[in-house]
Amino acid sequence: MLNQYYGDYLTVALFIAVGAILVGGAVGASKLLAPKNPGGFKDVAYESGIEPVGGGWNQSHIRYYIFALMFLIFDVEAVFIFPWAITLDAFQAAGRGVFILVEMFLFILILLSGLLYAIRKGVLKWE
Amino acid sequence: MTVTISEFFKESANWAFLAIAVPTLFAGWRTVTSNNIVRAVLYLVVSLGGTAGLFFMLGAEFVGWTVVLVYIGAVIILFLIGIMITRAPLGQEADLSHAMNVKAPAALLSTVVFGVITWAMIDAFGNNMIPPFEPTATSDLSLLLFDRFVIPFEVVSFVLLAALIGGIAIARQDEEVVS
Amino acid sequence: MDAIDYHALLPEIILAVTVLATLLVDLFTSRKSFAAITAMIGMFASFVAILTLAFCDNLTFCTSTGDRVLFGGSFVVDGYAIVLQGLFIFAGFIVVLMSVGYLETDRYYEGEFYFLIVSAVLGAAVMASSRDFISMIVALEIVSGSGFLLAGWRKGDARSNEASLKFFIIGVLALALLLFGVSLIYGLTGTQVFSEIAAASSSVEDIALFNLGAIFVLLGFGFKVSAVPFHFWTPDVYEGSPPPVTAWLSVGSKGAGFVGLLSVCYLALPSVTEIWGPVLWLVAALSMTIGNIVAIKQTNVIRLLGYSSIAQAGFMLAPFGAAAATGADLSQTFSATVTYLVIYAVMNLGAFAVVIIVGTRVGSYELERWSGLNTWAPGLALSLAAFFMSLAGIPPLAGWFAKFVMFSATIGVGSWWGYSIAIVAALNAVIALVYYLKVLKSAFFDTVPADLDVATLEAGTVPGPTSFAIGLTAAAVLVLGIFPGLAANLGDFSSDFLATLGL
């Protein structure tokens, strides 16, 4: 059982390793083969053909933060939905299907009121 | 059952453990010592990835994937955006170190805490071999979570709701406040 | 699994509905006060639900008897849970009352404020019933999280931002320590449930790692109750936060920390008092002494109350220290802490209500600006005197009984662990008198600062909800002081279940 489990993840690790070798090989090969002539305008950031103004790092608007926060919160919610989905059958078989359905329904409803709040307060509007 | 050092290196799982743990430790170290705050966050990604890997090795699949999804996927994004909304000069090397009079006691304290925890761990487990274990099936976990721990489960949604609404209230622009 | 006893969950269910209702009412109505009214109605209903649980034996519709154990021992409604839940809901109710008038004085978000207060009350109430680490920590997260946010509610004020940040960083450190300790305890005992840890603890108490885990848990809650040496955040956070939030932090948040300590020490680790007793003895002695000595020098009333609350936490921890003695009557030390906590909550809330009114009217919380309070607001001065003298422990106000119970419990264990902490407490009770009376001397015997206009000050009114809060707490302080049996009953009621554990 444990060996089977490790074997599965070994496959994943192999895929990652092969992917890394492929990408590394391609980038490495082009680095070796390509002609090099550094300097001048080649180091300037590309901005649709217009000369870039200022640095690459700028202060972002705080509304991005609210989006990131909402992403995090609903991500955590999603993490709880996965284990819920795989046990529906077991609960249904035990005659408690309604219980677990209502449970998750409430969980999502509570968080949806947070989304409702964000919409009502207009923080999701993009001016 | 106890293990000797040569036996430790014969076990392939231990090599896998070292392959994960050493980069995790290194990334953790660089997270703290890096002078570029954006790089520190990216090192944290590596460190968290290693942590997820250790959970996978322990057969805690669900926890491992939660670390990947929530921490690497979302918390890091929040960190980066949190850095980007500040006025701090970004993408530059800056001397983030504290003065020696702050550093020295902190180093002493962390060394002592590390020493005490390590000593206690060795005292409790020594060089005992981990008994054979089965990977935790996520379905077993959820049978507990949605039955016995239904109260904390529902309370979690209130934690998230409070964080969401409080966070929005603190972060949003004030122009429409009714006084 | 058995059917769920929804009556036992009723207070939490009502609070949960109130949380959502407060939010929705604020979103869909224009009057800001509606959210506060919703929150108060909800908390009152939840309090009634707790009363039906407390007096279940005398009610016809209530068929269940004894403690209600739900979810395989993870969630228990017994005397201890009922008393503490009632206390948290009362505290939340009073805090909302004193916030109503305060929030109108400046540009604050109101609906979200009440939402967070009720969320915190919900978390604290769940904590009181939690009998395993998972439930307790999840509930603690709401109490802490809403505390961090509320501390920063004065968004434009750098000190409020600082308070929020400081509270957040130290609070997260405390949570991390707590979680680490819990993971060690879980790893060694193989269980999260307090009763099962209690059964397993004597077989693992010789392992240093288990002791370390227990100490980490104590440290985590030590931050929460702002006991020395984990108190550094307290005065700054108290000063920077909006004062109604400070009132909640010093009562609700601190109370939640004490629930954690009480549950972990007396429910999870009752057979290993030699681990936590000496640690908490030291913490109690340090908290009382340092809190009181630093409080003497304070010139700001809110900071003074901050240090006073550190010292009061020390008094509440003293019975824990006395429990280190072998053969100590744990139910007595337990009920002493609960009784002290209940009385402290009532008098501290009242003190904050008065302080907020006076501070808003004078425009400063510096003590020198408060001199001559008696000449322009004799009623406020009198209630200030009542609450501060109660905090100092002067009869016939409730505070004396809290101290009395604490002393009788610590001396009652009949060992040097108890005698020594009682001596430290007695010395500190005298020191505490100095700064409580200093405030009163300034309010009653000093002259009003020359630049303050007495006529304007006299013309100011106390907002209705706040005067109701002052009246309610003042009445409670008087009644509990004159009929201390009531408070003693609450303490005994809360510790009844310990007898069934055979302690």
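Conventions and cut-offs
Residues numbered from 1 in each chain as written. Chains lettered and ligands numbered in written order. Predicted model: local features only at pLDDT ≥ 70, side-chain atom pairs only at ≥ 80, totals over all residues. Axes fitted to C-alpha atoms, helices over the stretch in contact; angles between N-to-C directions. Helix = DSSP H or I, 4+ residues; strand = E, 2+ residues; numbered from the N terminus. Parallel < 35°, antiparallel > 145°, perpendicular 65-115°, else oblique. Left-handed = near helix turned anticlockwise from the far one by under 90°. Contact = placed C-beta atoms within 7 Å. Nonpolar A, V, L, I, M, F, W, Y, C, P; charged D, E, K, R; others polar. pLDDT = per-residue confidence, 0-100.

Chemist: Explain the packing of helix H16 (residues 399–412) of chain C against helix H17 (residues 416–445) of chain C residue by residue, including any values.
Modeler: Residues and elements named next belong to chain C. One way to put it is that H16 packs onto H17 with a least axis distance of 7 Å and a crossing angle of 155°. Our classification of the angle between H16 and H17 gives roughly antiparallel. Handedness of the H16/H17 crossing: left-handed. Residues Lys403, Met406, Phe407, Thr410, Ile411 and Gly412 of H16 form the contact with H17, whose participating residues are Gly418, Tyr419, Ile421, Ala422, Ala425 and Ala429. Residue classes in the contact of H16 with H17 are distributed as eight nonpolar, three polar and one charged.

Chemist: For the interface of chain B and chain A, give the residues involved together with the corresponding values.
Modeler: At the interface, 43 residues of chain B touch 39 residues of chain A. Elements supplying a minimum of two residues to the side of chain B that touches chain A: helix H4 (61–84), helix H6 (138–145) and helix H7 (150–171) of chain B.

Chemist: A description of the packing of helix H11 (residues 273–296) of chain C against H17(C) should follow, citing residues and the corresponding values.
Modeler: All names here are of chain C. Running from N to C, H11 and H17 point in directions that differ by 15°, and their axes come no closer than 9 Å. The angle between H11 and H17 falls in the class roughly parallel. Seen along the crossing, H11 lies across H17 with a hand that is left-handed. Residue-level inspection shows Gly277, Trp281, Ala284, Ala285, Met288, Thr289, Asn292, Ile293, Ala295 and Ile296 of H11 in contact with H17, the latter providing Trp417, Ile421, Val424, Ala425, Asn428, Ile431, Ala432, Val434 and Tyr435. In terms of residue class, the contact of H11 with H17 is made up of 15 nonpolar, four polar and no charged.

Chemist: Residues and numbers for the confidence of the model for chain B, please.
Modeler: Predicted coordinates in areas of low pLDDT are best not read in detail. On average, residues of chain B carry a pLDDT of 86, and 91% of them reach 70 or more. Averaged pLDDT values for the elements of chain B fall to 82 in helix H1 (residues 5–10) of chain B and rise to 93 in H7(B).

Chemist: Hey, could you go over the interface of chain B and chain C for me, with residue numbers and the actual values?
Modeler: Across the contact, 25 residues belong to chain B and 32 residues belong to chain C. Within the residue set of the side of chain B that touches chain C, elements represented by two or more residues are helix H5 (100–125) and H7 of chain B. In terms of residues, the side of chain B that touches chain C owes the most to one element, H7(B), which gives twelve residues. Looking at the side of chain B that touches chain C residue by residue, the class counts come to 19 nonpolar, two polar and four charged.

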